[in-house]
Amino acid sequence: MTTSEQTTRSEGVDRREFSVEGMTCASCAIRVQKTLNKQPGVTEAQVNFATGNARVAYQPDEASVDEWQAAVDRLGYQLEPVTAEQPASVSKETEQATRGWVWRIALAWPLGLAIFALTMFFGEHDWARWAAFAAAVPVQFVAGWPFLTVAAERARALSANMDTLIALGTLTAFFYSTVELFTGGDLYFDTAAMIIAFLLLGRYFEARSTSRASHAINTLLEMGAKHARIVVDGAEHDVPVEQVAMGDVVRVRPGEKIPVDGEVVNGRAAVDESMLTGESVPVDKTTGSRVAGATINTDGLLTVRATAVGADTALAQIVRLVKEAQSGQAPVQRLADRVSEVFVPIVIGIAVVTFAAWSLLAGDPTAGTVAAVAVLIIACPCALGLATPTAIMVGTGRAAHLGILVKGAEVLEGSKKITTVVFDKTGTLTRGQMQLAETATADGSEPDMLRMAAAVESGSEHPVAAAITTAAHERGLDLPAVAEFTNVAGHGVRAEVEGTVVHVGRQELLDQQQLHLPEQLAARAADMEAQGYTAVYAGWDGHVHGVLGVADTLKDEATAVVRHLHGMGLEVAMITGDNQQTAEAVAAQAGIDRVLAEVLPTDKVTEVRRLQDEGRVVAMVGDGVNDAPALVQANLGIAIGTGTDVAIESSDITLMSGQLDGVTHAIQLSRKTLRTIYQNLGWAFGYNTAAIPLAALGLLNPIIAAAAMAFSSVSVVTNSLRLRRFARAH
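As annotated in an unreviewed UniProt entry, the protein carries the name Heavy metal translocating P-type ATPase and comes from Saccharopolyspora cebuensis. Taken directly from UniProt, the Subcellular location (unreviewed entry) text for the protein runs: "Cell membrane". You can read under Sequence similarities (unreviewed entry) in the UniProt record for the protein the words "Belongs to the cation transport ATPase (P-type) (TC 3.A.3) family. Type IB subfamily."

So, in structure tokens, the structure goes:
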């Protein structure tokens, strides 16, 4: 296995991506998928008709890629590994087809129209009948050659697909007409020729539209820088970005793309991160700031030390996540797959019955032939195979450009069922930048109380601790050294300060240590909590000496997001470790329906499970690290990212910008994508259901059937492309 092959590993299972050449309809994809799933060592295979790709999960010790390729080859398809350098999710065949159909269209349409005119207006003349035959031969066997060759390959493999239907239909019309040419009967060369002409046009538009649907990944890949300016011993060297290694120092000038993920070691600049986060406002970067590759330095000179290169960069991870989502299969596709699997044999059977019924019951084999051809052509299940994957490709690609990463296709269906959205409070609903708003002491020695509390909190990274220590520094207090620092999970901290054991944290911590709380401090703490502050107690030597009110303000968009979620018919809850009174004060500001307060970090998952036991379908919104268990437990996990932290495996959706309104956009876009899938499937199923009986009854001309079949495929792709217009302001 080469290093360039697209391979990922997790829990002893390897995953590989392949391109599948030769697929022309959904039944092809299903046949390849079933064959791969039967191979030794394969734990799961998914084949996507729209992208032309297969994703295979397998046990490396038991699997053989050569055996897989041989098995797929016996079906008449080709399986080729996708390399890391391959730029698109659409197969090479699709790209070539967009160009390859053009000359065939240029051949088929003029000849087809000429044949149609000869047959319609000069059909009684021998010269016109022979001219129609002469023109039909290149249309049938040159322009229509792709349909015939694929049908022949399927026949050799004892299988059938939509090209089988096309080949049977057009060859039946052609050879029937050839016989009638000698016997003086009616000719249907125009039928065969115009069917091929319409189908070629449909294939061209289908290939072109599918390429547009995959535009998201191509655009993402093109965003990366091609060169980097490495600094070695003070000198700059321009090298391809692939040659940058971890730890290298690169210099980025104004207007240039940052080539790799890294940390700023010198300089200051505003960086445009819109390609990662969807946010158009540049972000200020200075020494110590993290930057991501492919973002743009707008106005300053930056020197950056590389911390991630190649496949480990944020851009590479985004591309990987988007490709995985686009290659996956939504559960709603299973019904379409089951139908497509048996569709072609059933249609052939209906065509045979149609011909027999017209011949035996109506005594008109000619009409039976025309009706059977119409059945074969109108029933081609192209639209059915494109309905789901094209919508997923466009929807997830558009989401990526808006800074929303959707982990898999099944997430789209999960968004529809959500009834309750649970927000973590600190850092999610709020800014996560706590400030000391108020203090109260029992004996009036506020500086001493703050000094002792801040000394203990200096050993903690919690936002509340940071607020207290920052306030002490701002007031010019010198913090003494601490010893025996201990973090009491979910309750607070304790440490030895100047020979005294000091406890700082929630009231439960002080109660456990049996520290006496004076009534006046209890009253002040209640007032603080009523204002929405978090009350932090500081005590030692058997007594609580002070209360500190720490405030964390809501994000600007929090109230609007809650209001929009209510407009979508969703209940909104907040989960926090704050006490009930403080939590309810914050919830009231945002308009939140339900408060889950005094919840320890380890108990968040229990609270989510309890909501689910009540019959609610829960979306959990958190930071993707502290809230990981709850995100996994929730029916839909939404992680607030940081612009560079995209490897959040516990979430279903990651919001790269960290903006809270991304929650509503993610749910809206997911639901709109799912709605588009339903529209596509409804059209595809309805089209075939209504059209086949009309064709069998002789009420549908085969030429019209070909035009309708081509239109049906293009229509579902075009409907999916409407998702590209979804905007953040939606």
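Having put the structure on the table, let's press on.
Hey, could you run me through the sheet that holds strand 11 (residues 283–285) in this one?
Picture the strands of a sheet paired through backbone hydrogen bonds; they go either parallel or antiparallel. With respect to topology, 3 strands assemble into an open sheet ordered 11-10-13, the strand pairing being antiparallel. Whereas interior strands pair on both sides, the edge strands pair on one side only; in this sheet they are strand 11 and strand 13 (296–297). One ladder, built from 2 bridges, connects strand 10 (residues 269–272) with strand 13; its direction is antiparallel. In the strand pairing of strand 13, Val-271 is matched with Asn-297.

Any chance you could explain the pattern of salt bridges here in plain terms?
Tallying each qualifying case throughout the model produces 16 salt bridges. A salt bridge links Glu-446 to Arg-475; the nearest nitrogen and oxygen atoms lie 3.0 Å apart. Highlighted residues: Glu-446 in helix 16 (residues 446–457) and Arg-475 in the loop between helix 17 (463–474) and strand 18 (482–488), separated in sequence by 29 residues. Three or more residues are tied together by salt bridges with common partners; here these are Glu-571, Arg-594, Glu-607, Arg-610, Glu-614 and Arg-616.

When you look at the side chain of Gln-33 in this model, what are you seeing that I'm missing?
Along the polypeptide, Gln-33 turns up in helix 1 (residues 26–37). A relative accessible area of 16% means that Gln-33 is categorised as buried.

Can you help me understand the packing of aromatic side chains in this one?
For any pair of aromatic rings, the description rests on two quantities: the centre-to-centre distance and the angle between the ring planes. For the coordinates displayed, the defined rule picks out 15 aromatic pairs. Centre to centre, the rings of Phe-18 and Trp-68 are 5.8 Å apart; their planes meet at 75°, and the pair counts as edge-to-face. Separated by 50 residues along the polypeptide, Phe-18 in strand 2 (residues 13–21) and Trp-68 in helix 2 (residues 65–74) bring together distant segments of the chain. Of the two residues examined, Phe-18 and Trp-68, each falls in the buried class. With a centroid separation of 5.0 Å and 80° between ring planes, the pair formed by Trp-109 and Phe-198 is classed as edge-to-face. Remark: Phe-198 occurs in helix 7 (residues 189–213) and Trp-109 occurs in helix 3 (residues 92–122); sequence separation between them is 89 residues. Its relative accessible area of 21% is what places Phe-198 among the partly exposed residues. Cluster of aromatic residues (ring-pair linked, three or more members): Trp-130, Phe-133, Phe-141, Phe-174, Phe-175, Phe-182 and Phe-189.

Just checking my understanding: could you explain the environment of Ala-526 for this structure?
Position of Ala-526 among the secondary structure elements: in helix 19 (residues 519–530). In this structure the C-alpha to C-alpha distance between Ala-526 and Gln-581, which are 55 residues apart in sequence, comes to 8.3 Å.

How do you make sense of the layout of surface pockets when you look at a structure like this?
In this structure, the second largest pocket occupies an estimated 1100 Å³ of space. Lining the second largest pocket are 42 residues, and of these His-462, Val-464, Gly-490, Gly-577 and Pro-601 sit closest to its centre. Contributions of two or more residues to the lining of the second largest pocket are made by helix 15 (425–429), helix 17, strand 18, strand 19 (492–497), strand 20 (500–505), helix 18 (507–512) and strand 21 (534–540). Ranked by the residues each element gives to the lining of the second largest pocket, the list is headed by strand 21, at 4 residues.

Quick question: what am I supposed to make of helix 6 (residues 162–183) here?
An α-helical turn contains 3.6 residues, so any two residues separated by three or four positions project in the same direction. For helix 6, with 22 residues, the first-to-last C-alpha span of 32 Å sits near the 32 Å given by 1.5 Å per residue. Gly-184, located one to two residues past helix 6, shows a positive phi value of around 85°.

Help me understand the sheet that holds strand 18 in this model?
Strands sit in the order 17-22-21-20-19-18 across an open sheet of 6 strands; the sheet is antiparallel. The outermost strands of the open sheet, each flanked by one partner alone, are strand 17 (435–441) and strand 18. Between one strand axis and the next, the sheet turns by 20° as a mean value, whatever way the strands run. One ladder, built from 7 bridges, connects strand 21 with strand 22 (residues 543–551); its direction is antiparallel. The residue bridging Trp-540 from the neighbouring strand is His-543, located in strand 22.

I keep staring at the environment of Ala-71 and nothing clicks. Help me out?
In this fold, Ala-71 is placed in helix 2. Residue class for Ala-71 comes out buried when judged on its relative accessible area of 5%. Along the chain, Ala-71 and Gln-39 lie 32 residues apart, while their C-alpha atoms are 8.3 Å from each other. In contact with Ala-71, not counting residues within four places along its chain, are Thr-35 and Gln-39.

I keep staring at a nonpolar patch on the surface and nothing clicks. Help me out?
Residues Phe-116, Met-120, Phe-121, Phe-122 and Trp-127 make up a contiguous nonpolar surface patch of about 550 Å² in total accessible area. Here the nonpolar patch gets 4 residues from one element, more than from any other, and that element is helix 3. Note on placement: Trp-127 falls in helix 4 (residues 126–143).

Whenever I open this one, helix 5 (residues 145–156) confuses me. Can you help?
Here helix 5 spans 16 Å end to end across 12 residues, near enough to the 16 Å set by a 1.5 Å rise per residue. For helix 5, the set of buried residues is Pro-146, Phe-147, Leu-148, Val-150, Ala-151 and Arg-154. One or two steps after helix 5, the chain reaches Leu-158, where phi turns positive at roughly 60°.

Even after reading the chapter, I still don't get the packing of helix 12 (residues 365–378) against helix 24 (residues 662–696), so can you show me in this structure?
Working note: a packed helix pair is described by the angle between its axes plus the distance between those axes. The N-to-C vectors of helix 12 and helix 24 enclose an angle of 170°; their axes lie 8 Å apart at closest approach. Looking at the two axes, helix 12 sits roughly antiparallel to helix 24. Seen from helix 12, the contacting residues are Ala-371, Ala-374, Val-375 and Ile-378; seen from helix 24, they are Tyr-687, Asn-688, Ala-691, Ile-692, Ala-695 and Ala-696. Each residue belonging to the contact of helix 12 with helix 24 can be placed in one class, and the counts come to 9 nonpolar, 1 polar and no charged.

Is there a simple way to think about the nonpolar core in this case?
The nonpolar side chains of a soluble globular protein tend to be buried with one another. In this structure, Leu-36, Trp-68, Val-421 and Phe-423 are the most contacted members of the largest nonpolar core, which totals 73 residues. The element that contributes the greatest number of residues to this core is helix 13 (residues 382–401), accounting for 8 residues. Once residues within four sequence positions are removed from consideration, Val-421 is found in contact with Leu-565, Leu-570, Glu-571, Val-572, Ala-573, Ala-619, Val-621 and Ile-667. Formed by 53 residues, the second largest nonpolar core is a distinct cluster that contains Phe-174, Val-375, Tyr-687 and Ala-706.

What exactly am I supposed to notice about the pairing of strand 20 here?
For a regular strand, side-chain orientation follows a simple rule: the groups alternate between the two sheet faces. The buried fraction of strand 20 is high, at 5 of 6 residues. Sheet analysis places strand 19 next to strand 20, joined by 6 bridges and oriented antiparallel. Residue pairing for strand 20: Gly-492 is matched across the bridge by Gly-505. Pairing geometry for strand 20 and strand 21, over 4 bridges, is antiparallel. The residue bridging Val-504 from the neighbouring strand is Ala-538, located in strand 21.

Reading guide: rules and limits
- Residues numbered from 1 in each chain as written.
- Predicted model: local features only at pLDDT ≥ 70, side-chain atom pairs only at ≥ 80, totals over all residues.
- Heavy atoms only, no water.
- UniProt positions renumbered as here; feature names shortened; annotations may be inferred.
- Pairing = 2+ DSSP bridges.
- Helix = DSSP H or I, 4+ residues; strand = E, 2+ residues; numbered from the N terminus.
- Salt bridge = Lys/Arg side-chain N within 4 Å of Asp/Glu carboxyl O.
- Buried < 20%, exposed > 50% of the residue type's maximum accessible area, 1.4 Å probe, protein only.
- Phe/Tyr/Trp six-rings, centres within 6.5 Å; stacked < 30°, edge-to-face > 60°.
- 1 Å grid on protein atoms, 1.4 Å probe; cavity = no way out; pocket = protein on both sides within 12 Å on 5 of 7 lines; lining within 4 Å.
- Points joined across faces, edges and corners; volume = space filled by probe spheres on them.
- Expected span 1.5 Å × (residues − 1).
- Axes fitted to C-alpha atoms, helices over the stretch in contact; angles between N-to-C directions.
- Contact = heavy atoms within 4.5 Å.
- Patch = residues over 30% accessible without salt bridge, like charges linked within 9 Å, V, L, I, M, F, W, Y side chains within 5 Å.
- Areas by Shrake-Rupley, 256 points an atom, 1.4 Å probe, with all protein chains shown as cover.
- Parallel < 35°, antiparallel > 145°, perpendicular 65-115°, else oblique.
- Nonpolar A, V, L, I, M, F, W, Y, C, P; charged D, E, K, R; others polar.
- Core = buried A, V, L, I, M, F, W, Y, C linked by side-chain atoms within 4.5 Å.

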